Structures are given as C-alpha cells and as structure tokens.
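Examining the three-dimensional arrangement
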Amino acid sequence: MREMAARKSDLLQGTLDLLILQVVASAPLHGYAIAQRLQQLSREALQVQQGSLYPALHRLEERGWLKAEWKNSGTGREAKFYGLTKAGRKQLDVERFNWERLAEAIGLVLRTADEP
Amino acid sequence: MKLIRRLFPRRAADRINEELQFHIDEQIASHLAAGMSPAEAARITRLEFGGRQQVKEEIRAGRRWAWLDDARGDVRFALRTYRRTPAFAAMAVLTLALGIGVNTALFTVVREVLIRQLPVANPHELVEIDCVPGPSAPNNRTCMQSYPAFELLRQRHDGLAGIAAFTPAPGGVVAVVDGRREVVTALLASGNMFDVVGVAPQLGRPLVDTDDQPAAPAAAVISHAYWQRAFGGRPEVVGGSFTLGSQDVMIVGVLPRTFRGLAFGENYDVFLPLTAAPQFYPPGILTMANRGWLTFMGRLESGISAEQASALLFPIFRAATEAAIAGVPAEMRQKLNLSAEGFRVDVRTASTGVTSSQRRGLQPTLRTLVPVAGLVLTIACANLAGLFLARALARQKELGLRVALGAGRTRLVRQLFAEILLIVAAGGAVGLLLAQWLAPGGLILAVGDGALDAVDLRPDASMLAFTAAVTVATALLAGFAPILRASSTNAQEALRNATAGSPRWTKGLLTAQVALTIALVGIAGLFLQTLTNFRRIDAGFPAERLLTLVMDVGTRDFDQPRFHSYLGRGREALAALPGVRAVTHSQGSLGVGVGTFFNVAPPGGAPGRMRPEDSAGVAYGGPGYVATTGMTLLSGRDIAETDRGTAPRVAIVNESFARHFFGRIDDVVGRTFSFAPAELNQPFHIIGLVRDARDGGLKRPTTNMMYAAHLQSEVRGTTFVLRTDRDPAGLAASARRTIETLDPGVGVLRMRSVQTQLNEGLRRERLLAALGSVFAGLALLLMAVGLYGMLNGIVVRRTSEIGVRMALGADRKRIGWMLARETLVILAVGIAAGIAGELALGRVVRAELFGVTSTDATAVVGAVGLLLAVSVVAVGIPARRAMRIQPSEALRQDYL
C-alpha cells in the first residue's frame, strides 16, 4: 500500500479543473503557487505537469470560471493571480458533486465486488 | 480601464511569456533555497517544466477552441437526447420541413415570376411604352401602337436611346426540320430589337435592320432551347435553312441559354424580322395605322426618368395619331370617337420584361398564396414551440436538478437553444430539398407544363439566404417560449413537485394553433366551393365530346376559292372518320375566349356616338356550327353551306345579344343589324337565336355574342371542330393524320378537346383548392399532434394523481372528462379567434372566390366540425389511456 501511495498518480481526465477550482476557492493564487498547493495538499501524491496546468488555467479563465489579475507577488515581481468567479464557484459545486457521485459509485462497485 | 481590457483581450494573452517566466524563476529560486547549485537548479527546472513553447501553443489552442468545444458539447448532448426520443425528433423536423419547404418553394416562384430581371446589360434602363386613353377621354382609343407609328418613333425617340417593336406570330408556326413537323413559337421583331435590348447571340449574328426589309432574304435567329431540341445543338446549322410556315428561312444566329424572352412565360423558338408579319397578320398590316398590334420597348437615355420620357414622346405619338386619322372627315371623327388628344403615353420599367399575361395571371394567385404559406409556417412554428415546451415540462425535474447543482441559466438556455437549433437546421435542410420538388410541381399545377421553360428554379444564393433567414427566425420564434419557461425554472419547486407548473405556454400556443387551423381549413373550404361552383356551371353545350384542331392554313397564301375548297375537303375527310358525328370549322370562342369585340349600331336607334356597352363578341362558324357544337337553337336555322359568297350576310345571335339590342328574344330572327357606324357597314341578317353559352370559357360571364358565317368573312384563322361519339382523345391521332395528308403544306398548330380547354381555364381555382386542402390537412394534423402531445404529457405527469383518485373511487368516466376538460378552453377560444381570422383572411382572397362569399357559413361550420372531429381523436387516445390506469401500478410508479 505504501508503495502505491508514494507513486505519483496521473490525474484523471477532468479532475484537474476541479482541483484548480478548489485550490483557488479561498484566495487568488498565481500559477506557481497553485502547483505548489496541489502538491502540498495531496501530500506529494499529485504532481501537476506545467504542460497541463497553464493551458487548464487559461481555459478556465476563458470559460469565465476564473478571473485573472496581475499584481505584486510579494517578492517584488508582478505575477498573474487567478481567483474564482461566481460562475466558477457554481461550477466547483457541480464538479464536486459529480466527483463525489463518481467516487461513491466506484466505491460501491468495489465493495460489492468484494462480497462473495 | 476595464473596458479597454475587454476590448483588447489579446493583450493579456501576450503576457503568457511573462507568466511562465515567473513560474520558472520561482522554481529555480526554490531549488536554490534547497541548496542546489545555480546550474543544477536551472537544469532540473527545465526538465520539470518541459518545453515552454509547447505549453504556450497548448494555451493558445485551448483559448481559441474553447467556445467550439462548448458548442460541440451542446450539440453532442442534444443529439444524445434526440436519439432517446426519435419520434419527437422526426415529428419536429417534418413539421418544420413542410413549413420551410412550402415557403422556400413559393419564394423561388415569386423570385422567378416577379423579381428576376432580364439577362441583359443595364436592365433597369429598359421601358415598355404604351399609349393609353387619358383620364379626360377614357374611351378614346385612337392612339394605336401600329407599324406606321413605329416608323415615326424609330426616326425620332426623344429621351430614349432606342426603341424596338415586336409581336408574336399568333398561334405559332409549323416548322419542318429534317422532315419532322413541329409547331414553334415565333416573335416578330424589328431589326434593331437585339441592339436596343442588348442581347448578343452565342453563335452567328443577331437580326439587323437590313434583315427587316420587305425584299430581304428570310432570316431567323433561334433560341438556345430550340437549337438543342430541333438541331441537336450543332453549331453548323448557322447559315443553313429550314422550312418555317410557307417559306425557307436561313438561321443567322443562336441566342444564349440565359435569354428566355422579353416577357415572362413567353418563350420564343424563332425570332423573325417584323416585315415578315404579313404572313401571319392581314396582308396590309404594315401600312394600317388603325391596328395596334405591336409592343414597344425602349432603352432610356441615361439621366432621363420614365416620366420625362413620357412627356418627350407624347408629341411624336400625337403626330402619328394625327397622321392616322388625317383622312377621316371631321363629322365622322366625332361619330367614331377619333381624336388625337386626350391620351397619354405610359412609360414604365421593363427591367423584368414587358407585360406578360402569364405574370398577370400568376400575380393574384401568388398574392393569395403568400399569406397562406406564411400561415403554414406560423402553424409549424407554433407546433414546434408546443413540442419543445411539452418536452421542457417533461424535463422539469432534470432541469431543476441541474439548476440546483449550480448550472448557470445561460448555460441551460444555450443547451436548449442548441437542441432547438439542431432540429431547425435539419428541418431547414429537408425543407430546402422539399422545395426543389414543390416549386416546379406547384408551377406546373398553376400554369401548365410549358411554364417550366420560363423559369430557372435551381437553388441560388438568394434562395439559400431566404431559407436560412426563415430558418433562423423560426428557431428564435419556436425557441422563445420553451427557453423562457426553462430559464425561469425554480429549482426547489421543480424538484419538490414535478407536477407543479401549469403548461400555460403550451395551452396558449395550442390555442393559437387551433385558431390558425380554423382559418386555414375555412379558407380551403371557400376555395373548394369555388372550384365546385365553377365545375357545376353548365357550359351550355356538351364540351366533353368536342375535339378542336387549330390549323395554320391562315398563314398560307391561298386565294379565296382555294381556301374555301380546303375547308370543304377538310370537313369531308374528317367526317368520314369512324367515331365522328359532325364536323365544322370556326374561329374564336369554343374554350379559347372571345378575342374580337365589335361595336354594334343599335338597330333602329338614332345614329349617335358609340357607347362602349353596345358591343358584341364575334365568333365565326362554318356550315352546321350550332349542330356540331351542340348549342341550343331556340329559333331560326343553323349556318348552312349556302351562306357564302354573294348570299346575304347572316349571323346567329345569342339571347343576351337579342335582349340588349332588341329588348326581346322572340321575333328577332329575320331582323338585321350592323356594326357601327351603320352607314359604313353591311347589314347582318339574323337567321337564328341560340341560348347563352359559356363557350368562351367557364369563368367568362356570358356576353352579347354573334356567330357570323366563316365563309362570308375575310377571317382566315381556322379551327376544325369535331363532334365525336367517344372520348375525343382517342380520335386525335387519326384526325391529325387525315388532315395532314389532305394538304401536306398545311399543319396542325394545336389539338385539344374543348373540355380540356375549359378545364385549363380553371387552373388557378384548382391550384388554390388543391394547395388549400393540403395546407389545411397539414394544419389539422399538426394541431392533432399538438393536442395529443399536451394531453399525453398531462397523463404521464399526473399518473400517480389519477391513480390516487381512482383508488379513492373516482369512476373512469370522470377521469376521462377531467382530461378532456383541459382542452375545452383551448378549443373554445381557438375556434372563436379562428373564425375571426378566417373572416379576415376571406376578405383578402375575396377576388378568388366564385359563387360563395367570404363569410360563407358552410366553410366556417365545416372547418369547426372537421377540427372538432380531429380533436376528439387526438384527445380520446390519451384520455382512454388515463381511464385504463391501474391504481396499484400508478401508485408504485413514482418509487421505481
């Protein structure tokens, strides 16, 4: 089991959006911070490739779920901060609901399959 | 600031580099902090980050196609929904396809008939020029579009760059190509016509002024269609010759395919110089100043308006008119109502061609059909909206759930709109295909097989644009109600109680649909009655056993004895055919209408000014005319063999004639009358009186008619008339063979039974009745589907409620009644509004009705009855289903 947890798993299709929305839900963050948070919150289990993080951020911005703003990063440099919009918050609820349903469904299947 | 950013969103995208650089720098910094050497930190970061260019590309691609992804998702979702409900999808697409198909077809025909311009350079400069009686002298018809007038105008035509004259060869000409005979249509045109109109032949040369001389060798330009049909499209026919009428003519040119003639629906195979006219018209026609037989077409000089041209041309027309009446003494001028004053020159645009009888005939039909087709589309639209609404109601739970989960209203609306758009696009596409078949079909029904030669019904940009516009408008209209309904979906309410929310919109739409259906069915009833009334008219003679053969003998240079001998031999030969009871020859009337009216001098009346009402239609009949045609001879005798040459001029008159001119119908045989003015015309002796007949056509009210002896007149136009004892169609071939072997130089122009001709006259009525019935049937069907859909939806939604009611002891009849009641208000309001609509629409189409008023009660009652009968079926099926609900099952259903 430990070995499995230690392996960095690939993200399920579509779940990256959910994770991003969740991470920026409390406060606007810039891309690097989002990547750090994801890694940190999943206890290093999830590592996001920059190759998919930035396209996802821009896509979510395009859909109106994220709004972006350039502001001081605290280190004296300007960085692009992403925050949740109202629509984004709703979308987060939808995706979370979908995810929980899916997780429950998978769990159901696994539990049932275990029964003799 | 915000606005600017919104205006230039690309600026933000351009900072991608900066954004990525920030990430990389941060990462390197973190690696350095962990104790790596700068080189090592940079290397690891590069590895971790991957290709920066690639990331940028992906960002850009993601941005650009995001909306398309959304749209694709919407469409895919919509498709999936429809796959689950194929019957709904099919019904909706079909409804729309019919609505759009009918309208596109009508648009195509309207475009061709009323809008399409002549395929020549600057068609808007072309004008048609007429001289017409002015308001001060409405009966003065002295100004004539004669050949002498044209000669004057050709020399002087102020305001016009040029003026041309043309006229068709009446009845057509028999052409012989490689031994094959064919009746072709010919236009006689002044030598400058092609130049003035601006048509260049695709092969050879046009007709020119030197062809248009009495002594010039006979030359002709032929149409593209005729070139293909008769000469197989061989280019070497130019310069060759063929037999046309009584002479050989040389083909000098072939016209392009796009040129279909100068008047809508009048397509000519052959174009001949105007100086060839004496072959087809009375011999002196080119010098007669009192015959208006030409159409004048001109091209305006640039900068000159039609009104200016009219004023500039007036003195020339007046000079021509003065020259025409110069020889008539003053007192005779007054008597004959001749004056070179009081008329006006009418110059009107001819960019779509000169006045065309076909266009004039089609115009009122099209004007009637446009609102009817619009109504069909409206019904289709309402039906579609109803279908979508019913669906939206059925999906209330689903929509409610989605709203509860946070789906934005815009997202929902977009999804619904995608569903509607998908159906509408499919409907539009099918409708476009349908129109390809409907438009020619309808036109043939309206005008006849020949009509298709006049038009080009192939789809073009304008047609596609029209269909697209109608389709989008329909999508918006049909989508409006359901989308409004969906966007107001209240999540809590929808989830708590799926039966909540009355289908108010659905009911409103259905009411509108009932109203429109009543109006359409009522109008169709009026058209049907009109057709029946025309069919019921007694023609006054048995037309179904009469065959007519229109001959071109009149265009042959036969002298009088030879012409008469030909008619005699023709009658004999045709009478010898088995199945032929009697034969005569005639000119005018008999299903073709009365072409000639003459002023008759009131017998015994004081010679005064001519009154327009003192006119009579004149037809000419050979020996045995009354007996052969089967008209009823009330007194006197038929035209006889001996009524020819120097014998007294005789005529048979009808009752209207006798009543109008003699005030009585008894005792008119033996009296005389003459054309006005009496002192210039020979008298006619009335030898017989016949009952009024509609021999000129069923639609023509009976007029004063006289039938003069063909052999006593100068009239050369000849139609053999055969009374048969069987279906005339069976005799056509042998009659043609017989008459063509009699004199191979004389050909048959047309051969038809009189009944066919009378029926031809009812084309428009038949078309309106047929289309009206089809549209009304469609409307009824759509309405039935709508009613059924609504009630069925109610039954499905209220199954458990009905189950409870039944479990509590409600009897099945009550349940059925409860459901039927849902439709009562819809029907009552719809029918009332529909009757009002029918009365309004009836006024619009009043001109098309005969023997029935626009407020006819039968039509209204019939429409209401039919609608109720259909409604009973549409309501009955779901009501029965509700009555059969088993309470036990119904109550369980909700928890499955």
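Residues numbered from 1 in each chain as written. Chains lettered and ligands numbered in written order. Predicted model: local features only at pLDDT ≥ 70, side-chain atom pairs only at ≥ 80, totals over all residues. Heavy atoms only, no water.

1. Description of the overall build of chain B
So the rule is basically this: The numbering of helices and of strands both runs from the N terminus, where a helix is a DSSP run of H or I of at least 4 residues and a strand a run of E of at least 2. Only protein chains enter the accessibility calculation, which uses a 1.4 Å probe. A residue is then buried if its area is under 20% of the maximum for its type, exposed if over 50%, and partly exposed in between. Contacts: residue pairs with any heavy atoms within 4.5 Å of one another. Only the protein chains shown count as cover for residues, and the accessible areas themselves come from Shrake-Rupley with a 1.4 Å probe.
When helices and strands are counted, chain B shows 28 helices and 23 strands. Split into buried and exposed, the 896 residues of chain B put 49% on the buried side. Pairs at least 24 residues apart make up 81% of the contacts formed inside chain B by residues separated by at least 6 positions. Counting every atom, chain B has about 40,400 Å² of accessible surface; 58% of that belongs to carbon and sulfur.

2. Quick look at the overall build of chain A
When its secondary structure is counted, chain A shows five helices and three strands. Going residue by residue from the N terminus, the α and β elements of chain A occur as α-α-β-α-α-β-β-α. By the burial criterion, 40% of the 116 residues in chain A qualify as buried. Put simply, of all contacts in chain A between residues at least 6 apart along the chain, 51% involve residues at least 24 apart. Surface accessibility of chain A: about 7,400 Å² in total, with carbon and sulfur atoms responsible for 53%.

3. A closer look at the interface of chain B and chain A
Rule in force here: Take the accessible area each of two parts loses on contact, using a 1.4 Å probe, and add the two losses: that sum is the buried area. Just to be clear on terms, a salt bridge is a Lys or Arg side-chain nitrogen sitting within 4 Å of an Asp or Glu carboxyl oxygen.
Every contact between the two is made by 24 residues of chain B and, on the other side, 25 residues of chain A. Both sides together, the interface formed by chain B and chain A hides about 2,400 Å², and carbon and sulfur atoms give 57% of it. One can count two salt bridges joining chain B with chain A. E19 of chain B is the partner of K80 of chain A in a salt bridge, and the nearest nitrogen-oxygen pair spans 3.9 Å.

4. Let's talk about unusual backbone geometry
Residue and element names in this part refer to chain B. Of note in the backbone geometry, N122 takes a positive phi value of approximately 45 degrees without being a glycine. Looking at the element boundaries, N122 is found in the loop between α6 (86–115) and β1 (126–133). The partly exposed category is assigned to N122, whose relative accessible area is 40%. One non-glycine residue, D667, lies in positive phi territory at about 65 degrees. Within the secondary structure, D667 sits in the loop between α21 (655–662) and β19 (672–675).

5. Topic: the environment of V754 of chain B
All names here are of chain B. Secondary-structure assignment places V754 in helix α23 (residues 754–760). The sequence separation of V754 and A543 amounts to 211 residues, and the corresponding C-alpha distance is 5.4 Å. Sequence-distant contacts of V754, defined by excluding residues within four places in its chain, comprise F541, A543, L546, T548 and L590.

6. Examining the environment of R821 of chain B
Residues and elements named next belong to chain B. Residue placement: R821 occurs in helix α26 (residues 812–844). For R821, a relative accessible area of 45% corresponds to the partly exposed category. Through-space distance from the C-alpha of R821 to that of V875 is 9.9 Å; in sequence the pair is 54 residues apart.

7. Concerning the confidence of the model for chain B
All names here are of chain B. Let me state the cut-off plainly: The pLDDT value tells you how sure the predictor is about a given residue, anywhere from 0 up to 100.
Predicted confidence across chain B gives a mean pLDDT of 83, with 91% of residues reaching 70 or more. For residues 1–13, every residue scores under 50 in pLDDT, and the model assigns this stretch two contacts once sequence neighbours within four places are set aside. Across the interfaces of the predicted complex, the ipTM metric reaches 0.81, alongside a pTM of 0.66.

8. Focus: the state of the cysteines
Residue and element names in this part refer to chain B. The criterion, for reference: Note on disulfides: each one is a pair of cysteine sulfur atoms within 2.5 Å.
Enumeration according to the criterion identifies one disulfide over all chains in this entry. A sulfur-sulfur separation of 2.1 Å characterises the disulfide bridge that pairs C131 with C143. On the S-S bond that ties C131 to C143, the torsion sits near -100 degrees, and the link is left-handed. Of the two residues, C131 is situated in strand β1 and C143 in the loop between β1 and α7 (147–155); the sequence distance between them amounts to twelve residues.

9. What about the packing of helix α18 (residues 504–536) of chain B against α26 of chain B?
All names here are of chain B. Quick reminder of the rule: Helix axes are fitted only over the stretch in contact, all axes being lines through C-alpha atoms; the angle between N-to-C directions runs from 0 to 180 degrees. The labels follow the angle: roughly parallel below 35 degrees, roughly antiparallel above 145, roughly perpendicular from 65 to 115, and oblique for the rest. Handedness of a helix crossing follows the sense of rotation of the near helix relative to the far helix, less than a right angle counterclockwise being left-handed and clockwise being right-handed.
With their axes 7 Å apart at the nearest point, α18 and α26 run at an angle of 40 degrees to one another. Our classification of the angle between α18 and α26 gives oblique. Our pair here, α18 against α26, has a crossing hand that is right-handed.

10. Observations regarding the pattern of salt bridges
Residues and elements named next belong to chain B. Within this structure, the stated rule accounts for 32 salt bridges over all chains. Notably, a salt bridge pairs R637 with D643, separated by 3.0 Å at the nearest N-O pair. Residue class for R637 comes out partly exposed when judged on its relative accessible area of 35%. The salt bridge involving R763 is made with E760; its shortest N-O contact spans 3.0 Å.

11. Overview of the pairing of strand β21 (residues 705–709) of chain B
Residues and elements named next belong to chain B. Just so we agree on the cut-off: In this analysis, strands are considered paired if DSSP registers two or more bridges between them.
In terms of residue burial, β21 counts as a mostly covered element, since five of its five residues are buried. Where strand β16 (residues 615–621) and β21 come together, five bridges link them in parallel fashion. Each bridged residue has a counterpart across the sheet, and for G621 the counterpart in β21 is A709. Bridge count for strand β18 (residues 650–654) against β21 is three bridges, and the pairing is antiparallel. Looking across to β21, one finds that A651 is bridged to A708.

12. Some words on empty space enclosed by the protein
Residues and elements named next belong to chain B. Selection criterion: The distinction between a cavity and a pocket rests on a 1 Å grid over the protein atoms alone: a 1.4 Å probe fits inside a cavity but cannot get out, while a pocket stays open yet meets protein on both sides within 12 Å along at least five of seven lines, and a residue with an atom within 4 Å of a point counts as lining. Grid points are joined across faces, edges and corners, and a volume is the space filled by probe spheres set on the points. When residues are grouped by polarity, Ala, Val, Leu, Ile, Met, Phe, Trp, Tyr, Cys and Pro land in nonpolar, Asp, Glu, Lys and Arg in charged, and all others, Gly among them, in polar.
For the coordinates displayed, the defined rule picks out six cavities of 30 Å³ or more. The computed volume of the largest cavity comes to approximately 70 Å³. Around the largest cavity sit N383, G386, L387, A390, T506, L510, Q513, V785, G786, G789 and M790, which together line it. Those elements that provide at least two residues to the lining of the largest cavity are α12 (357–394), α18 and α24 (763–797). Taken together, the residues of the lining of the largest cavity break down into five nonpolar, six polar and no charged.

13. Points about the sheet that holds strand β1 (residues 29–30) of chain A
Residue and element names in this part refer to chain A. One open sheet accounts for three strands, arranged β1-β3-β2; its pairing is antiparallel. Either end of the sheet is taken by a strand with one partner, and the two such strands are β1 and β2 (66–72). As paired strands, β1 and strand β3 (residues 78–84) are joined by two bridges and run antiparallel to one another. Paired with L29 across the bridge in β3 is Y82.

14. Focus on helix α19 (residues 560–575) of chain B
Residues and elements named next belong to chain B. Short version of the rule: To estimate how far a helix should extend, the number of its residues minus one is multiplied by 1.5 Å. As used here, the arc is the angular range of directions from the helix axis to the C-beta atoms. Each polar contact in these results corresponds to two N or O atoms within 3.5 Å; when the atoms are within protein, one needs to be able to donate a hydrogen and the other to accept it, and residues that are neighboring in sequence are counted only if both atoms are side-chain atoms.
Taking 1.5 Å per residue, 16 residues should reach 22 Å; α19 reaches 23 Å between its end C-alpha atoms and fits that length. Taken residue by residue, α19 has F563, H564, Y566, L567, G570, R571 and L574 as its buried positions. Angularly, the buried residues of α19 cover 155 degrees about the axis, an arc narrow enough to put them on a single face. Exposed side of α19, more than 90 degrees from the buried face: P561 and E572 are the residues found there. Contact partners of the buried residues in α19: β13 (546–551), β14 (580–587), β22 (718–724) and α22 (732–742). Sitting at the amino-terminal end of α19 is D559, which places a side-chain oxygen 3.1 Å from the backbone nitrogen of R562.

15. What about the confidence of the model for chain A?
Residues and elements named next belong to chain A. Summary statistics for chain A give a mean pLDDT of 78 and a share of 82% for residues scoring 70 or more. When the elements of chain A are averaged for pLDDT, helix α1 (residues 2–6) gives the smallest value, 35, and β1 the largest, 90. When the criterion is pLDDT under 50, residues 1–10 qualifies, and its contacts beyond four places in sequence or with other chains add up to seven contacts.

16. What about the environment of I304 of chain B?
Position of I304 of chain B relative to the elements: it lies in the loop between β11 (295–300) and α10 (306–325). Expressed as a C-alpha distance, the spacing of I304 of chain B and D158 of chain B, which sit 146 residues apart in the sequence, is 9.9 Å.

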